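So you can see what is in the structure, the chains are spelled out below.
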Amino acid sequence: FSDDMESVKIYPSQNANGCVLRCGSLGEKSQGYDYYQNMMLLGGTYYGKTKDGEGIQGCNVRFGHASNIKLIGMSVQYNHGAHHVEIGGVKNVLISDSKFAHFTNPQNDGTGDDEDHLSIEAVQFDITHRESANFAGYGIHDDLPTISTTVQNCTFDDVQRGVGSHHSVISRGHKRTYNDIKIINNSFSNIPDRAISAEYFTNSEISGNTMKNVNSGINLSNMIYSQFYQPNDESGLPNATTADLNLNMNTKVYNNKIYLDDSKDPWKGHATVKYAIRLGGESVTSAQINKDTGKEHKNKPIPAGKYMVYGVTINNNEIGVTGGSKKNIDFGIFLSGAKNNVIKSNTVNLNSHDHKSEGKGFGIRALNGNNNDISYNKVYNCTNAGGTGIAVGKDITSGKVNNNIISNMAKNGIRIHQGAKVSEVNKNTITKTKDIALSVIESGSKVTSNIYANKITGGNSSKNAIHVENAYVKSISTNTIKGAVQTGVKVRGSKGSVGTIYKNTITATSSNSIAVDTKGSVTGSIKNNKITGTKNNFGIYCADAKKIASITGNSISTKKQKNKILLPKKTTIYSKNYTIKRKKSFKIWHGGPNPKWSSSNKKIAKIDKNGKVTALKKKGKVTITATSGGAKVKMTVTVK
């Protein structure tokens, strides 16, 4: 069936209750994907209000139990409390070159609860599950989701949400996902909730879309507990585990442009998290299940546990802020309950203003997951109080943060915290952070391999470049640190340690270039670092360190107390070679008690308990060693 509706306008009658246009008739026992077939509508305008302007609650257009549908060049406007287009139990659908505009909430008059009308997509993908709440009037409730559907080249303006899903039916093996969905090259504007709701999608693509003045952009998730229904044809899933229900989305999100507006809210009084892209699972607790009295979950609950999502690639997206106060953006990209995903080559510019909230302004944030690869992203201008380029936190057990460019942060460039564990933090470029550029902090946090080859330039920073506190890092090596930073590398706290600190180049710090203090430990060596231009204090400062195995081979040139290393118990020693004539002496300054001194050849030069070196008659080279508090420093003295 095909109909050209280009010049047709359809209004609901004043007494209408339901759809303006639908396939099939009420009362038919439709079922399966092919009950209705081969339908195409070209053009036409479909209104959700009467000619007199009265809003009629219901979907403007609805298709169910159907296949091979084309909706092209339509204009669907002024929906009142439902969806502009709703499709469920359908496959092989094309919605193209159409316009969806204007939504009004029948409860948004200050007299009632409007919660039921918050999750309203203009184009909704649904499932034929039950009569009372979703997809009424379509015969057999056979739990069929929308599959193999493309929405392309459409415009969404002034609607609650743009396109997507928010209901589904649980099934072991994920037989009822929204599979093979393509949302491409659409335009979204003035959206008070999210533009795209990709809940329970698999094998799908979201690309080339432009979103402006939206509260949030794209949500990709495993189905949330309250809207994850038990199947009609099963008696629940008593033997299912959370592993059965983890979702391999196998979905690509790329080349989208998303510009947020923090003045957009779903409805007055309903606070929402504001993000450009969210990828997430959900944790379901036993307490949550026990308290649930809803028909869908009572007596046949979903197992308690973490429902993860994986297999998503988010790349080459452009994220910015265009409207509102620019104070309340939470995240550019937010991962929670996600594993084995790739976040690559995105540009995030939050362009945020200074604000008091510590919890807002993250460029990329990851929680509750593992093995996500966050690489080659560019993150700029996160200048809220909590503004951080990339933050990896609670319950992250592995992952990589490599080759990112981060600039102008109110807080950290990269933060590994809350007990998170990552394998690598390598080759990132960080400039202009007002707090620590790269931090690994809090008990249990760990970098199991290296912090390697990062480039950190202080700019306006008064804090440390690399800071490890009560956390574990295998090695800190080959990093380049320069500019206005307080300390180049700082290790502190008795609840963690760093293996080795070596081959770093540290220039022009305002305090110590390398500092191990407050019971910090380096279980290996501080070796072969190149330190120049330290303005104050020491090249290497190890007062109050818990343990340092050795300090050797470092090149240190500082403006104050030149060429000194401060050991535990406040002992200092020259760090590079020294030349003295025969029968002359010099004293190695030290400020603490009980340093132990030794000479490798007492026939060339000797050293007494006070650190006085005396050259004897024989020419040659001798190694002078100082040991204090478990640290060892060596220098070469040449006698001429």
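What you are looking at is a predicted structure, and each value in this text was computed from that prediction instead of being measured.

Time to look at the packing of aromatic side chains. This model, assessed by the stated rule, comprises 9 aromatic pairs. Summarising the aromatic geometry, the rings of Y35 and Y36 are spaced 4.9 Å apart at their centres and angled 75° between planes, so their arrangement reads as edge-to-face. Y35 gets classed as partly exposed once you look at its relative accessible area, which sits at 39%. Y36 gets classed as buried once you look at its relative accessible area, which sits at 11%. An aromatic cluster is built from F100, F156 and F188, whose rings are joined through pairwise contacts. Across from the ring centre of Y78, 3.8 Å away, lies the NZ or CZ of K49, which sits over that ring. Sitting over the face of the ring of Y472, K446 holds its NZ or CZ atom 5.6 Å from the ring centroid.

All right, on to the confidence of the model for the chain then. Residue-level pLDDT values for the chain average 84, and 83% of them are 70 or greater. Scored below 50 in pLDDT, residues 109-115 shows 8 contacts in the model against residues more than four places distant or in partner chains.

With that out of the way, let us pick up the nonpolar core. In terms of nonpolar packing, the biggest core is built from 138 residues, with F63, F125, F156, I277 and I526 touching the most fellow members. In this structure, I277 is in contact with I218, L220, V253, I258, I314, N317, I319, G332, I333 and F334, ignoring residues within four places of it in sequence.

Sheet architecture is open: 3 strands sit in the order β61-β64-β63, paired in antiparallel fashion. The outermost strands of the open sheet, each flanked by one partner alone, are β61 (585-587) and β63 (605-607). Pairs of neighbouring strands in the sheet enclose a mean axial angle of 15°, with direction left out of account.

This paragraph deals with the state of the cysteines. Overall, the coordinates contain 0 disulfides when judged by the stated rule. A disulfide-free cysteine, C19 has its sulfur positioned 5.2 Å from the sulfur of C59, the nearest such atom. By relative accessible area, which is 28% here, C19 ends up partly exposed.

On to the environment of D608, then. By the element assignment, D608 lies in the loop between β63 and β64 (612-615). When its relative accessible area of 32% is taken as the criterion, D608 is described as partly exposed. Placed 21 residues apart in sequence, D608 and K587 show a C-alpha to C-alpha distance of 9.5 Å. Polar contacts involving the side chain of D608 include one to the main-chain amide nitrogen of N610, which spans 2.9 Å. Engagement of the side chain of D608 in a polar contact is seen with the backbone nitrogen of K612, the distance being 2.9 Å.

This model, assessed by the stated rule, comprises 3 cavities of 30 Å³ or more. Of the volumes computed, that of the largest cavity is approximately 60 Å³. Every residue lining the largest cavity is listed: A366, N372, I374, V392, I396, S398, G399, K400, V401 and V422. When residues of the lining of the largest cavity are traced back to their parent elements, those giving at least two are β34 (372-375) and β37 (399-402). For the lining of the largest cavity, the element with the most residues is β37, which contributes 3 residues.

Rules and cut-offs
- Residues numbered from 1 in each chain as written.
- Predicted model: local features only at pLDDT ≥ 70, side-chain atom pairs only at ≥ 80, totals over all residues.
- Heavy atoms only, no water.
- Phe/Tyr/Trp six-rings, centres within 6.5 Å; stacked < 30°, edge-to-face > 60°.
- Buried < 20%, exposed > 50% of the residue type's maximum accessible area, 1.4 Å probe, protein only.
- Lys NZ or Arg CZ within 6 Å of the ring centre and 35° of its normal.
- pLDDT = per-residue confidence, 0-100.
- Contact = heavy atoms within 4.5 Å.
- Core = buried A, V, L, I, M, F, W, Y, C linked by side-chain atoms within 4.5 Å.
- Pairing = 2+ DSSP bridges.
- Helix = DSSP H or I, 4+ residues; strand = E, 2+ residues; numbered from the N terminus.
- Axes fitted to C-alpha atoms, helices over the stretch in contact; angles between N-to-C directions.
- Disulfide = S-S within 2.5 Å.
- Polar contact = N/O pair within 3.5 Å; in protein donor to acceptor, adjacent residues only side chain to side chain.
- 1 Å grid on protein atoms, 1.4 Å probe; cavity = no way out; pocket = protein on both sides within 12 Å on 5 of 7 lines; lining within 4 Å.
- Points joined across faces, edges and corners; volume = space filled by probe spheres on them.

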